[in-house]
Amino acid sequence: MPDWRVVERAVLAKAAGHGEDRLLVLDDGRGVRCAAVIDGVTDKSGRDFGGASGGALAADCVARTLAALPADVTVGEAVASITAELAALRRTWAVPDDDLRAPAAVAAVAWPRRRLAWRVGDVHLAVGRRDGGRLRWDRHVGGKLIDTVLAGARAAYLHCLLLEGEHPENLAATDPGRALIRPVLERQAALANRDDAGPFGYGVLDGRPVPERFVETFVLPQDAWEVVLASDGYLGPAQNLVTAEAELRASLRADRLRIMDHAATKGMAPDARSFDDRAYLRLSREEYAV
C-alpha cells in the first residue's frame, strides 16, 4: 500500500509579517501520519500578548498539542487535549473566565494512515478519490452562518455607499462596512461552542469544551488518493496550489472590497497582498503523487 506524502504546501500572510495560519506535518520517515492546517482567529480583544497576536498564539498551541498526541488518539481525545492546553494558556495570558474573547483557532486535521480526517471551524477540506486514471473530488467548503450574514450586511452597506458616489479606494482604506458589523464581531464568541446557540452556533478551539456537533469527521475511503486542507484565505479546497492561487488572484482583481460573489467580513487593505492569511496543504499517496 503506497504511503502518503506532502506534494504541495504554502503559508502566506495577507500583509507584511508572519500571519496567523500554520501548517503541521508529522512524517516519521515512512510517510505522513498527521497533517493539519490551523487558522488563528483574528483577535478582537485589543490585548497585548507580548508582540504576538492572540490568533498566532492559539494556532501555535494547537500545532504543539497535535504534535505531542499519541498515534492512536481518538478525535474526541485530540479535541479535548487541545482544549485543555488552550485553557491552561488562557490562564497564563490572564484572560478572565467570563471573557469569551480568548485567543482561538480553527483547524482541519488529516490522519491518512488511519483513513480519517476531522475539523473544527471553517477550514476547507477535499478528498480526491481515484476513478481509473483520474481523481473524483469530494469537496467540503468551510464556513459558518454568522459569517455569511455579517458578510452580507457589510456588502449591502458598501454597495449602498458606492451607489451614493463613494470612491472604492476610500472604502478599501476605511472599510465602514467592517465598522457596521464590528459590534457583532466583538460579541459573536458568545455563539461559539454553545449547543443552545441555534443556527448561528459554531465550533472553535478556544479553551472551552467543543460540543460534538461542531466536530466534523470524514472517513477517507479505500480509493482516497489525495487530501487537500486549506484555510479560508482561499476560496475553497482547490485540487492543486496553482489553481487555488489562480482562483484567489482572479477574485481579488475583480473584487478587492470582498462584496461580490465571495463576500467577506473584511476587505483587502490597500497595502495588503490579500484579504486574509492563507495556508494550503496537499497530500498524495506516493504511487500517484506528481
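The structure under discussion appears in the preceding block.
Keep in mind the model is a prediction, meaning the values are calculated, not measured.

Asker: Describe the overall build of the chain, listing the residues and the values that go with them.
Answerer: When helices and strands are tallied, the chain shows six helices and 10 strands. Its C-alpha atoms give the chain principal-axis dimensions of roughly 60 × 45 × 35 Å. When the 290 residues of the chain are sorted by exposure, 51% land in the buried category. Once local pairs closer than 6 in sequence are excluded, the contacts in the chain between residues at least 24 apart make up 68%. By element, 52% of the accessible surface of the chain is carried by carbon and sulfur atoms, the whole surface being about 13,500 Å². Computed over 38 positive and 42 negative side-chain charges, the separation of the two mean positions in the chain equals 2 Å.

Asker: So what's going on with the sheet that holds strand β9 (residues 224–230)? Which residues, and what values?
Answerer: In spatial order, the strands read β1-β10-β9-β6-β7; together these five strands make up an open sheet with antiparallel pairing. Edge strands, defined here as strands with exactly one partner in the open sheet, are β1 (4–12) and β7 (134–140). Each adjacent strand pair in this sheet contributes to an overall mean axis angle of 15 degrees, direction not counted. Here seven bridges tie strand β6 (residues 124–131) to β7, and the two strands are oriented antiparallel to one another. Counterpart to Asp131 in the pairing with β7 is Arg134. On top of the sheet, helix α6 (residues 241–254) reaches β1 and β10 (278–285); it is set at about 25 degrees to β1, its chief contact.

Asker: Explain unusual backbone geometry to me, and be specific about the residues and the numbers.
Answerer: A positive phi angle, close to 55 degrees, is found at Asn193, a residue other than glycine. Turning to its location among the elements, Asn193 is positioned in the loop between α5 (176–187) and β8 (216–219). Although it is not a glycine, Arg258 adopts a positive phi angle of roughly 60 degrees. In this fold, Arg258 is placed in the loop between α6 and β10. Arg258 sits in the buried class, given a relative accessible area of 0%.

Asker: Lay out the packing of aromatic side chains in plain terms, naming residues and giving numbers.
Answerer: Tallied over the full model, the rule gives two aromatic pairs. An angle of 75 degrees between the planes, with centres 5.9 Å apart, marks the rings of Tyr234 and Tyr280 as edge-to-face. Of this pair, Tyr234 sits in the loop between β9 and α6 while Tyr280 sits in strand β10; the two residues are 46 residues apart in sequence, bridging distant segments of the chain. For Tyr280, a relative accessible area of 0% translates into the label buried.

Rules used in this analysis
- Residues numbered from 1 in each chain as written.
- Predicted model: local features only at pLDDT ≥ 70, side-chain atom pairs only at ≥ 80, totals over all residues.
- Heavy atoms only, no water.
- Helix = DSSP H or I, 4+ residues; strand = E, 2+ residues; numbered from the N terminus.
- Buried < 20%, exposed > 50% of the residue type's maximum accessible area, 1.4 Å probe, protein only.
- Contact = heavy atoms within 4.5 Å.
- Areas by Shrake-Rupley, 256 points an atom, 1.4 Å probe, with all protein chains shown as cover.
- Lys, Arg positive; Asp, Glu negative; His and termini not counted.
- Charge placed at Lys NZ, Arg CZ, Asp CG, Glu CD.
- Pairing = 2+ DSSP bridges.
- Axes fitted to C-alpha atoms, helices over the stretch in contact; angles between N-to-C directions.
- Phe/Tyr/Trp six-rings, centres within 6.5 Å; stacked < 30°, edge-to-face > 60°.

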